[in-house]
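Here is what each chain is made of, one letter per residue.
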Amino acid sequence: MHDMDCREVIKHMAQYLDRELSSEEQQEVQKHLGECGSCANAFRWENSMLVLVKNCAGEELPQGLTTRIFESFDCCE
Amino acid sequence: MERATFERELEKILGLAYGYAVRLHGGDRDAAEDLLQEASVSAFRGRDNFMPGTNFKAWFFKILTNAFYRQGGKKELETVSLDADPEPYLYLQAKEAGISASDDPAEVLFNKIDVVEVKNALDNLPSEFREVSALYFTGEMSYEEISETLDIPVGTVRSRLHRARKLLQVALWDLAVSRGIVEAVSYA
Ligand SMILES: [Zn+2]
């Protein structure tokens, strides 16, 4: 294990926020964020953006669509 | 697979699948409904090809994606080239624009952007980035599930997603500038 520098930490930012890093890497990034305010802020911004987009990206299923779809299975059972 | 079991599995993911279909169709809800209908029937017909114990969601989303391209959904060639090195674009722009780094980003920027405009930003991504973004943001999928759905390596998922995020951040920042939420940064 070695300490990650800011460049490496930023490089791992997306995967860290998506929980796609190994637990060892996850810990290293976390350690750096505890010590480096600038990277911590960058992560906060990135995460805030992800939350915004995730909250906006979905759509409500139209009323009755599930039933219509299930009924269409009658033809090909 | 029994019809009832199939319907139960499908119902769990139908909302996410509808959202994904809307994003694939660039916001066209009628087209998305047709697509979901077609994919559902096609999955129902082929339900015995589903291997129990594997991921039903990825299996169904793959059928949905294939149906989209069969219906003539366009797949543009990749024309966007971006730096390979990721950078916290929005954060750097905000800092440059004089927004205090310790401010709550949601408060100073994100909550002021309209939901519809965020959807538009997603829908306006070039198709191969729109595809992965829709699976990630709308379909709530992991890199592994996206890789299974699109039949591409996890590393490709990762790099496409990173680039999609960068494009989205550029779009969101430009939007915030044009709506007067933040001030344009001048690189004099
Ligand atoms: Zn740092």
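Our structure is the block above this text.
Residues numbered from 1 in each chain as written. Chains lettered and ligands numbered in written order. Predicted model: local features only at pLDDT ≥ 70, side-chain atom pairs only at ≥ 80, totals over all residues. Heavy atoms only, no water.

S.K.: Any chance you could explain the coordination of the zinc ion here in plain terms?
M.R.: Think of it this way: four donors in a tetrahedron around the metal ideally sit 109.5 degrees apart, and six in an octahedron ideally sit 90 or 180 degrees apart. Residue and element names in this part refer to chain A. Taken together, Cys6 (SG), His32 (NE2), Cys36 (SG) and Cys39 (SG) make up the protein donors of the zinc ion, found 2.0 to 2.4 Å from the metal. If you look at the zinc ion, its four donor atoms make angles of 104 to 111° with each other, and the shape they trace is tetrahedral. Mapping the donors of the zinc ion onto the primary sequence yields the spacing C-x25-H-x3-C-x2-C. As far as burial versus exposure is concerned, His32 and Cys39 are alike and both buried. (Donors = N, O, S within 2.8 Å, 3.2 Å for Na, K, Ca; no water. Tetrahedral: all angles 85-135°; square planar, octahedral: opposite > 155°, others 65-115°. Buried < 20%, exposed > 50% of the residue type's maximum accessible area, 1.4 Å probe, protein only.)

S.K.: What is the right way to read the packing of helix H4 (residues 37-57) of chain A against helix H6 (residues 115-123) of chain B from this model?
M.R.: Relative placement of two packed helices is described by the angle separating their axes and the distance separating the axes. The interhelical angle for the contact between H4(A) and H6(B), taken along N-to-C directions, is 95°, at an axis separation of 9 Å. Classified by the interaxial angle, the pair formed by H4(A) and H6(B) is roughly perpendicular. Residues A:Leu52, A:Val53, A:Cys56 and A:Ala57 of H4(A) touch H6(B), and the partners they reach there are B:Val115, B:Val118, B:Lys119 and B:Leu122. Split by residue class, the contact of H4(A) with H6(B) holds seven nonpolar, no polar and one charged. (Axes fitted to C-alpha atoms, helices over the stretch in contact; angles between N-to-C directions. Helix = DSSP H or I, 4+ residues; strand = E, 2+ residues; numbered from the N terminus. Parallel < 35°, antiparallel > 145°, perpendicular 65-115°, else oblique. Contact = heavy atoms within 4.5 Å. Nonpolar A, V, L, I, M, F, W, Y, C, P; charged D, E, K, R; others polar.)

S.K.: How do you make sense of the interface of chain A and chain B when you look at a structure like this?
M.R.: The parts lose accessible area when they come together, and the size of an interface is often stated as this lost area. Facing the 37 residues of chain A at the interface are 52 residues of chain B. Carbon and sulfur atoms make up 65% of the surface buried where chain A meets chain B, a total of about 4100 Å² over both sides. Three residues, A:Trp45, A:Glu59 and A:Phe73, lead the burial of chain A against chain B; their summed loss comes to 20% of the area buried on that side. Taken together, the links from chain A to chain B amount to seven salt bridges. Taking the shortest distance from any N to any O, the salt bridge between B:Arg165 and A:Asp18 comes out at 2.6 Å. Linking chain A with chain B are 19 residue pairs in polar contact (both at pLDDT 80 or more). Taken together, the elements giving at least two residues each to the side of chain A that touches chain B come down to helix H1 (6-11), helix H2 (13-17), H4 and helix H5 (65-71) of chain A. Counting residues per element, the side of chain A that touches chain B draws most heavily on H4(A), which supplies 14 residues. Split into classes, the residues belonging to the side of chain A that touches chain B amount to 18 nonpolar, seven polar and 12 charged. (Buried area = accessible area lost by both parts, 1.4 Å probe. Salt bridge = Lys/Arg side-chain N within 4 Å of Asp/Glu carboxyl O. Polar contact = N/O pair within 3.5 Å; in protein donor to acceptor, adjacent residues only side chain to side chain.)

By themselves, these figures tell us nothing about what the structure is for.
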